[in-house]
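For reference, the chains in residue letters:
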Amino acid sequence: ALKQELNDPDQASLHVQTIAALQQIGDEAAVTALITAWAQPDPVRQQAIAQALTQLEPDLIFEPLLIACAGSTPQVTEQAGKMLRQLPDSATLLVAALGNLEPALRSSAGQLLAQMGSGSVPALIMTLGQADQTVRSAAVSALSKIGAPA
């Protein structure tokens, strides 16, 4: 019901309250509803959703934010990337995502690690010893984008 209210343009006056309710629920379904609604072109709603997501547990929002980076509007992609880079242990989480089976998620993780610059270098270097060629290749690509600090 909350997901429907959040996506109903006739209920715009209730969107902020609905977002707050979903934040309080804070489960996987609530995060999915927030991420889905985030792509709607309403700056007030987008800001409220971004704020709500930052209040949730990093383990709960990491993958949905990475998915948003891989396939959303440019504004949401930028916001989601910024939020991911600010999570505790973000470099470690993003390096782990280099092994994701979904190519778009691997690519997003690599791009975010490159954007983190020298802060992600130690985690990326550790990844070079992994057996998975895909992970090593993604790490090398991110390190090459970082350049001299790597």
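Residues numbered from 1 in each chain as written. Predicted model: local features only at pLDDT ≥ 70, side-chain atom pairs only at ≥ 80, totals over all residues. Heavy atoms only, no water.

**Q** Quick question: what am I supposed to make of the overall build of the protein chain here?
**A** What the protein chain contains, in helices and strands, is 10 helices and zero strands. Starting at the N terminus and walking to the C terminus, you meet the elements of the protein chain as α-α-α-α-α-α-α-α-α-α. Seen along its three principal axes, the alpha-carbon backbone of the protein chain occupies a region of about 50 × 25 × 25 Å. Counting all 150 residues of the protein chain, 40% fall into the buried class. The long-range fraction of contacts in the protein chain, counting pairs at least 24 apart against all pairs at least 6 apart in sequence, stands at 56%. A total of about 7,900 Å² of accessible surface is found on the protein chain, and carbon and sulfur atoms cover 53% of it. For the protein chain, the centre of its 7 positive side-chain charges and the centre of its 13 negative side-chain charges are spaced 12 Å apart. (Helix = DSSP H or I, 4+ residues; strand = E, 2+ residues; numbered from the N terminus. Buried < 20%, exposed > 50% of the residue type's maximum accessible area, 1.4 Å probe, protein only. Contact = heavy atoms within 4.5 Å. Areas by Shrake-Rupley, 256 points an atom, 1.4 Å probe, with all protein chains shown as cover. Lys, Arg positive; Asp, Glu negative; His and termini not counted. Charge placed at Lys NZ, Arg CZ, Asp CG, Glu CD.)

**Q** So what exactly am I meant to see when it comes to the pattern of salt bridges here?
**A** Pairing is possible between side chains of opposite charge, provided their charged atoms come close. Taken as a whole and judged by the stated rule, the model has one salt bridge. The closest approach of N and O atoms between Asp-42 and Arg-45, which form a salt bridge, is 3.9 Å. On the basis of relative accessibility, which here comes to 23%, the residue Asp-42 falls in the partly exposed class. (Salt bridge = Lys/Arg side-chain N within 4 Å of Asp/Glu carboxyl O.)

**Q** What should I look at first to understand unusual backbone geometry in this one?
**A** With the exception of glycine, the majority of residues adopt a negative phi angle, and the majority of peptide bonds are in the trans configuration. The backbone of Asp-89 sits at a positive phi, close to 55°, despite the residue not being glycine. Structurally, the position occupied by Asp-89 is in the loop between α6 (74–86) and α7 (90–97).

**Q** Hey, could you run me through the packing of α6 against helix α8 (residues 103–116) in this one?
**A** Two quantities define a packed helix pair, namely the angle between the helix axes and the distance between the axes. Where α6 contacts α8, the axes come no closer than 10 Å and their chain directions differ by 65°. By the angle between their axes, α6 is roughly perpendicular relative to α8. Of the two elements, α6 crosses α8, and the hand of that crossing is right-handed. Side by side, α6 and α8 meet where Gly-81, Leu-84 and Arg-85 of the first sit next to Leu-112, Gln-115 and Met-116 of the second. (Axes fitted to C-alpha atoms, helices over the stretch in contact; angles between N-to-C directions. Parallel < 35°, antiparallel > 145°, perpendicular 65-115°, else oblique. Left-handed = near helix turned anticlockwise from the far one by under 90°.)

**Q** For this particular structure, what's the right way to read the side chain of Arg-45?
**A** Its location among the elements puts Arg-45 in helix α4 (residues 43–54). Contacts of Arg-45, omitting those with residues within four sequence positions, involve Leu-6, Asn-7, His-15, Ile-19, Ala-37 and Gln-40.

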